[in-house]
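A closer look at the structure
Each chain, letter by letter, is given below.
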Amino acid sequence: MVNARAVYLSGEFRPWDEAKVHLMSHSFGRGSAIFEVIGFHETQAGPAVFRLDEYVSRFAKSASLLEMELPLTKAELQEAILQTVKRSGLSSGLIKLFGFYPEISFAILPPQKKIQVAVFVFTKEETLGNKREPTNHSVTACISRWRRLDPDTVPIEAKVAANYVNGMVARQESRAKGFDYAILLDTQGFLAEGGTESLFVVREGGLLTPTLGTILHSITRKSLLEVAETMGIKTFSGRLSQGSLDEAEEIFFSGTSTKLLPVSQVENRILSSVPGPVTRRLSARIEEITAGRDSQFKRWLFPVT
Ligand SMILES: Cc1ncc(COP(=O)(O)O)c(C=O)c1O
């Protein structure tokens, strides 16, 4: 039960019901909470957190982009996360990490730079809530009328709550049009990503993905590109036109909670035999890695001890 689980809150473990902020807090009123979603997986040696160092570094990067001061070092934060997972007793699931300003604020600038930190642990099922699970493990997608936030308007690399209205309205639009997910173009009209996931297309057996610059620095994306190279799959990260979706043999979304999510239809184009061979091979390899059965990438796992 999620509400019986301890929450790490500013240096101590507290009951779920005490993990609150005031409506007048800066992070509520201005959407200034930064966050991360991190996966932990069952391995033969017990639960292990996937690329914990990378997620904590991205969190620290979000903080620095917004001039926030973390109340603890990266090493201390990693330890707090591992301890929260350990206390949960869960063998696999998702961690939600928050950095926020709990102080009451009327102004656009937060009253101080130092943030508070909270860590929650969930099972995958608990995070789904009333969300529809994709049927046949694939999803349909539309091209959203909403463009991905332009990097000249806000620091899009920061995983900050306020930026996520972008993905929310795109997903709402896709649901209203009868699709599961949305693909957002950047403000120049090139492919960017999904609302909360990266986008990949397969062409002539190679893996193509939009370049960094207008998208989140996804850790799954980065991992997939590295893993694909070791499997002899050619990779390309660059500007991709919308037409790439018409030419693609396979299309998939990726992210921490979805891993690889095959796309079976984009607008009125239906893809056959989903998931395709490249998606299937990569997906199987990622499962092996997260289960701790792949010696080459064991270094990506942080055991919960
Ligand atoms: C906008 C956006 N793109 C991509 C991703 C995937 O990133 P990651 O693989 O680090 O979970 C996310 C994750 O939440 C996201 O919010």
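A word on the pairing of strand β11 (residues 206-210). Counting buried residues along β11, 4 of its 5 residues qualify, which places the element largely inside the surrounding structure. Where strand β10 (residues 198-203) lies against β11, 3 bridges are found, and the strand directions are antiparallel. Within β11, the residue paired with V202 across the bridge is L207. Adjacent in sequence and paired antiparallel, β10 and β11 are bridged by 2 residues, among which E204 carries a positive phi angle near 50 degrees. As judged from the 4 bridges shared by β11 and strand β12 (residues 235-238), these two strands associate in the parallel manner. The residue of β12 that forms the bridge with L207 is T235. For the segment spanning β11, helix α6 (residues 219-230) and β12, crossover handedness is right-handed.

Another point: the site of the ligand. Taken together, the neighbourhood of the ligand is formed by 13 residues, with L216, S218, T220, G255 and T256 sitting nearest. No other element matches α6, which puts 3 residues into the shell around the ligand. A per-class count over the shell around the ligand returns 3 nonpolar, 7 polar and 3 charged.

This part takes up the packing of α6 against helix α8 (residues 277-290). At a minimum axis separation of 11 Å, α6 and α8 run at an interaxial angle of 105 degrees. For the element pair α6 / α8, the angle class is roughly perpendicular. Contacts between α6 and α8 involve L224, V227 and A228 on the former and, on the latter, L282, R285 and I286. Considering only residue class, the contact of α6 with α8 consists of 5 nonpolar, no polar and 1 charged.

The next point concerns the domain arrangement of the chain. By domain assignment, the chain separates into domain 1 (2-128) and domain 2 (135-290). Centre-to-centre, using C-alpha coordinates, domain 1 lies 25 Å away from domain 2. Taken together, the contacts link 22 residues of domain 1 with 13 residues of domain 2. Listed by contribution, the elements that provide at least two residues to the side of domain 1 that touches domain 2 are β3 (34-43) and α2 (52-65). With 7 residues, the top contributor of residues to the side of domain 1 that touches domain 2 is β3.

In this fold, L282 is placed in helix α8. With 182 residues separating them along the chain, L282 and F100 place their C-alpha atoms 36 Å apart. Residues in contact with L282, not counting those within four places in the same chain, are L224, V227, A228 and L260.

Right, let's talk about the packing of α2 against helix α3 (residues 74-88) for a bit. Across the interface, α2 lies against α3 with an axial gap of 10 Å and an inter-helix angle of 120 degrees. By the angle class used here, α2 and α3 are oblique. Once α2 is placed against α3, the crossing between them reads as right-handed. On α3, the residues touching L52, D53, V56, S57 and A60 of α2 are K74, L77, Q78 and I81.

This part is about unusual backbone geometry. With an omega of -5 degrees, the peptide bond between V274 and P275 qualifies as cis. Looking at the secondary structure, you find P275 in the loop between β15 (269-270) and α8. With a phi angle near 45 degrees, R51 is a residue other than glycine that sits in the positive phi range. By the element assignment, R51 lies in the loop between β4 (46-50) and α2. Residue classification places R51 among the buried residues on the basis of 22 C-beta atoms within 10 Å. The residue S273 is not glycine, and still its phi comes out positive at about 45 degrees. With respect to the helices, strands and loops of the structure, S273 is situated in the loop between β15 and α8. Its 11 C-beta neighbours within 10 Å are what place S273 among the exposed residues.

Bringing the sheet that holds strand β6 (residues 116-122) into the picture now. Spatially, the 7 strands line up as an open sheet ordered β2-β1-β6-β5-β3-β4-β16, and their pairing is antiparallel. With partners counted over all chains shown, the strands left at the sheet margins are β2 (12-14) and β16 (301-303), one partner each. For this sheet the average axis-to-axis angle between neighbouring strands, irrespective of direction, equals 30 degrees. As judged from the 3 bridges shared by strand β1 (residues 7-9) and β2, these two strands associate in the antiparallel manner.

Glancing now at the environment of S198. Summarising the element assignment, S198 is placed in strand β10. Residue classification places S198 among the buried positions, given that 23 C-beta atoms sit within 10 Å. Once the C-alpha coordinates of S198 and F236 are considered, the two residues, 38 residues apart in sequence, prove to be 14 Å apart. Once you skip the residues sitting within four places of it in the chain, S198 turns out to touch E193, T209, I215, S218, T220, R221, F253, S254 and G255.

Conventions adopted
- Residues numbered from 1 in each chain as written.
- Predicted model: local features only at pLDDT ≥ 70, side-chain atom pairs only at ≥ 80, totals over all residues.
- Buried ≥ 20, exposed ≤ 12 C-beta atoms within 10 Å, placed from the backbone.
- Helix = DSSP H or I, 4+ residues; strand = E, 2+ residues; numbered from the N terminus.
- Pairing = 2+ DSSP bridges.
- Right-handed = clockwise from strand over helix to strand, strands pointing away.
- Near = placed C-beta within 6 Å.
- Nonpolar A, V, L, I, M, F, W, Y, C, P; charged D, E, K, R; others polar.
- Axes fitted to C-alpha atoms, helices over the stretch in contact; angles between N-to-C directions.
- Parallel < 35°, antiparallel > 145°, perpendicular 65-115°, else oblique.
- Contact = placed C-beta atoms within 7 Å.
- Domains from an automatic or database assignment.
- Left-handed = near helix turned anticlockwise from the far one by under 90°.

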